[in-house]
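# Analysis of the macromolecular model
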Amino acid sequence: MECVIGVVGRDFAVVAADTSAVQSILVHKTDEDKVMVLDSHKLMGASGEPGDRVQFTEYIQKNLHLYQFRNTIPLSTAATANFTRGELATALRKNPYMVNVILAGYDNDVGASLYYIDYIATLHKIEKGAFGYGSYFCLSLMDKLYRPDMTKEEAVDLVDKCIKEIRLRLVVAPQNFVIKIVDKDGAKEYARREYISDSPPDAAPVSEA
C-alpha cells in the first residue's frame, strides 16, 4: 500500500512518501525512508518491490556520484531523469525493475523540476504527481488545489491534505510519512508525519471489597 507524492512550486519541489515496509499482511517496519537524496540538489521518491526499489535507487545514486567524480560537474535534473529512464528501459528487456519513480531537482538555470518515471520507462515532466494506491485520492485533490506559484507552506499543506485523505479513505493505509524538499539551498528532510492513535485512558484499579 505504498504512496509517493510530488509537487513542484515556485522555486522548490516537494517529495513525500510513506515509511512502511510491508509484505503480504505483515508490517515489518514503519520508518523506511523511500525518498533518497541522490546528490546535493536531487531527490528520488520510489515505490515498488522493496529489493528492486532499494537496489535501483542506490544504483542511480552511485552512478550520479561517479559521473560527477569523472567530469567534475553534476548531471542536471533533466539529464538524471533521462539516464534513469534509459536504465529502466534497458532492464525492461532483461530483468525488469518493478519500481516507479518521482524525481525532483533544482538547477540554477531552470529552477525546480519534477519528473514521473514508471516501471515500463515512461518519462514525463510534471508539476504534480503520485504513485501507489494513495494516488487514487491524491490526484483529484491536486487537480483541485494545486497552483504553480505555491509557496513551500502551501505545498506542504497540500501534501498534508493528501496524507489525511489517504489515512481516511484507504482500507489498509500507511500511517507514517516523510516529506523532503529541494530548492536552491539543497535537498533536505522537511518533516515527518506520524500517526498517533487515540488510546483509552488507564482504567481505574478495582477496589477490593
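Residues numbered from 1 in each chain as written. Predicted model: local features only at pLDDT ≥ 70, side-chain atom pairs only at ≥ 80, totals over all residues. Heavy atoms only, no water.

The name an unreviewed UniProt entry gives the protein is Proteasome subunit beta, with Eragrostis curvula as the organism.

### What to know about the overall build of the protein
Put simply, the rule reads: A run of H or I in DSSP becomes a helix once it reaches four residues, and a run of E becomes a strand once it reaches two; helices and strands are each numbered from the N terminus. The classification of residues rests on relative accessible area computed with a 1.4 Å probe and restricted to protein chains. Under 20% of the type maximum is buried, over 50% is exposed, and intermediate values are partly exposed. Working rule for contacts: check all heavy atoms of both residues, and any pair within 4.5 Å makes them a contact.
Broken down by element type, the protein carries 4 helices and 12 strands. For the protein, the spread of C-alpha atoms along the principal axes amounts to about 80 × 40 × 30 Å. The buried share among the 209 residues of the protein stands at 44%. Residue pairs at least 24 apart in sequence account for 58% of intrachain contacts in the protein once pairs closer than 6 positions are excluded.

### Describing the pairing of strand S6 (residues 42-48)
To be explicit about the condition: Any two strands with at least two DSSP bridges between them are considered paired.
Across the 7 residues that make up S6, a large majority, 6, are buried. Summarising the sheet, strand S5 (residues 35-39) and S6 pair through 4 bridges and their orientation is antiparallel. The residue of S6 that forms the bridge with Val-37 is Leu-43. In textbook terms, the turn of a hairpin is the stretch between consecutive antiparallel strands, and for S5 and S6 this stretch comprises 2 residues. As defined by bridge partners, S6 adjoins strand S7 (residues 99-107) across 7 bridges and the pair is classed as antiparallel. Bridge pairing in S7 places Ala-46 opposite Val-101.

### Details of the pattern of salt bridges
Short version of the rule: Put simply, a salt bridge is a Lys or Arg side-chain nitrogen that is within 4 Å of an Asp or Glu carboxyl oxygen.
Evaluated as defined, the whole model comprises 18 salt bridges. With a closest N to O distance of 2.8 Å, Asp-18 and Lys-34 form a salt bridge. With Asp-18 in strand S2 (residues 12-18) and Lys-34 in the loop between strand S4 (26-29) and S5, the pair connects residues that are 16 residues apart, well separated along the chain. The same class applies to Asp-18 as to Lys-34, namely buried. The salt bridge involving Lys-152 is made with Asp-183; its shortest N-O contact spans 2.3 Å. Taken together, the residues span a long stretch of sequence, with Lys-152 in helix H4 (residues 152-169) and Asp-183 in strand S11 (residues 177-183) at a distance of 31 residues.

### Re the sheet that holds S6
This is how it is decided: Between N-to-C directions, angles span 0 to 180 degrees; the directions come from axes that are lines fitted to C-alpha atoms, helices contributing only their stretch in contact.
Taken together, the 5 strands give an open sheet; going across it, the order is S5-S6-S7-S8-S9, and neighbouring strands pair in antiparallel fashion. Pairing within the sheet leaves two strands with one partner each, and these edge strands are S5 and strand S9 (123-126). In this sheet, neighbouring strand axes are inclined to one another by 25° on average, regardless of whether the strands run parallel or antiparallel. On the sheet, helix H1 (residues 50-71) packs against S5, S6 and S7 and is oriented at approximately 15° with respect to S5. Where helix H2 (residues 77-92) meets the sheet, it contacts S5, S6, S7, strand S8 (111-117) and S9, and its direction lies at approximately 10° from that of S8.

### Some points on the sheet that holds S11
The strand order across the open sheet formed by 5 strands is S10-S1-S2-S11-S12, and the pairing between neighbours is antiparallel. Edge positions in the open sheet fall to strand S10 (128-132) and strand S12 (186-193), since each of these has one partner strand only. With direction set aside, neighbouring strand axes in the sheet form an average angle of 15°. Bridge analysis of S2 against S11 gives 7 bridges, and the strand direction is antiparallel. Looking at S11, one finds that Val-14 is bridged to Ile-181. Strands in contact with helix H3 (residues 135-145) are strand S1 (3-8) and S10; relative to S10, the strand with the most contacts, it is inclined by about 170°. Docked against the sheet, H4 engages S1, S2, S11 and S12, running at close to 155° with respect to S11.

### Details of H4
Where we set the bar: Helices are assigned an expected span. That span is 1.5 Å times one less than the residue count. Taking the helix axis as origin, the arc is that swept by the directions to the C-beta atoms.
The terminal C-alpha atoms of H4, which comprises 18 residues, lie 26 Å apart, in line with the 26 Å expected from a rise of 1.5 Å per residue. Residues of H4 that are buried: Ala-155, Val-156, Leu-158, Val-159, Cys-162, Ile-163 and Ile-166. Along the axis of H4, the buried residues cluster in a sector spanning 155°; they form a single face. Turned more than 90 degrees from where H4 packs its buried face, Glu-153, Lys-164, Leu-168 and Arg-169 sit exposed. The inward-facing, buried residues of H4 abut S1, S2, H3, S11 and S12.

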